[in-house]
Amino acid sequence: MRTSVPLTEKQRKAMLPYKPNVGEIYRTLDWLRDSILNENREEFRTALDDLRHQLDQLETLVLPNS
């Protein structure tokens, strides 16, 4: 089960432009969890590769703004 971490208003505003990316990452994490629960190694590998790709995309978006 995903835990909730309270964000400050500043953190919330900083994440706003990346909301679609973060949403996709959470969906992929749920897919990974389900793949583990269903013992489906191929789906797990695919979801893990997808997560790596999404994190790379997010990094590309965030780093120029740092």
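Residues numbered from 1 in each chain as written. Predicted model: local features only at pLDDT ≥ 70, side-chain atom pairs only at ≥ 80, totals over all residues. Heavy atoms only, no water.

**Some points on the confidence of the model for the protein**
Right, on to step 1. When pLDDT is averaged across the protein, the result is 87; 92% of the residues are at 70 or more.
Right, on to step 2. In the model of the protein, helix α1 (residues 9-15) stands out as the element of lowest mean pLDDT, 86, in contrast to helix α3 (residues 41-62), which has the highest, 91. (pLDDT = per-residue confidence, 0-100. Helix = DSSP H or I, 4+ residues; strand = E, 2+ residues; numbered from the N terminus.)

**Digging into the packing of helix α2 (residues 19-37) against α3**
Right, on to step 1. Where α2 meets α3, the closest approach of the two axes is 9 Å, and the angle between their N-to-C directions is 160°. Classified by the interaxial angle, the pair formed by α2 and α3 is roughly antiparallel. For the pair α2 and α3, the crossing hand works out as left-handed. Of the residues in α3, those touching α2 at N21, E24, I25, T28, L29, W31, L32, S35 and I36 are E43, F44, T46, A47, L48, D50, L51, Q54, L55, L58 and L61. (Axes fitted to C-alpha atoms, helices over the stretch in contact; angles between N-to-C directions. Parallel < 35°, antiparallel > 145°, perpendicular 65-115°, else oblique. Left-handed = near helix turned anticlockwise from the far one by under 90°. Contact = heavy atoms within 4.5 Å.)

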